[in-house]
Amino acid sequence: QVQLVESGGGLVQAGGSLRLSCAASGIIFSIGAMGWYRQAPGKQREWVATITKGGTTGYADSMKGRFTISRDNAKNTVYLQMNSLKPEDTAVYYCNAQVTQSGTSGYSTYWGQGTQVTVSS
């Protein structure tokens, strides 16, 4: 089975920065796209950013210019650098990844358990 574990969340003041990490482990043949989502209390989970295996990135409009997604394929890890944080960024942040576990199987999507980010004013 594939497991994704997020780390790096915590409490930060408005205007500060945090760097989230998400490492995939288990039986992995190849990882395709990886991404970040977040969910605030009482709200739907929303997309934050995605990065393809080749490094192409995409961001939600509210995150552009503040957040940067990157990955280290050798470590099966995706990162989210968050700058100029605002109280409205407070949420549980989840990573996901498209993973194949053999040379013939298709991709399946896996999710991490989430890490809490709290931005104080």
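Only a predicted model underlies this, so the values are computations on that prediction, with no experimental measurement involved.

**Focus on the environment of G42**
Checked against the element boundaries, G42 lands in the loop between strand 4 (30-39) and strand 5 (46-51). On the accessibility criterion, G42 (88% relative accessible area) is exposed. Between the alpha carbons of G42 and N73 there is a distance of 34 Å; along the sequence they are 31 residues apart.

**Some remarks on the sheet that holds strand 7 (residues 67-72)**
Sheet architecture is open: 4 strands sit in the order 1-3-8-7, paired in antiparallel fashion. Two strands lie at the open edges of the sheet, namely strand 1 (2-7) and strand 7, each paired on one side alone. Direction aside, the axes of adjacent strands within the sheet are offset by 15° on average. Judged from the 6 bridges that link them, strand 3 (residues 18-26) and strand 8 (residues 77-82) form a sheet pairing that is antiparallel. When the bridges of strand 8 are listed, L18 appears paired with M82.

Rules used in this analysis
- Residues numbered from 1 in each chain as written.
- Predicted model: local features only at pLDDT ≥ 70, side-chain atom pairs only at ≥ 80, totals over all residues.
- Heavy atoms only, no water.
- Helix = DSSP H or I, 4+ residues; strand = E, 2+ residues; numbered from the N terminus.
- Buried < 20%, exposed > 50% of the residue type's maximum accessible area, 1.4 Å probe, protein only.
- Pairing = 2+ DSSP bridges.
- Axes fitted to C-alpha atoms, helices over the stretch in contact; angles between N-to-C directions.

Any functional reading would require information beyond the geometric quantities listed.
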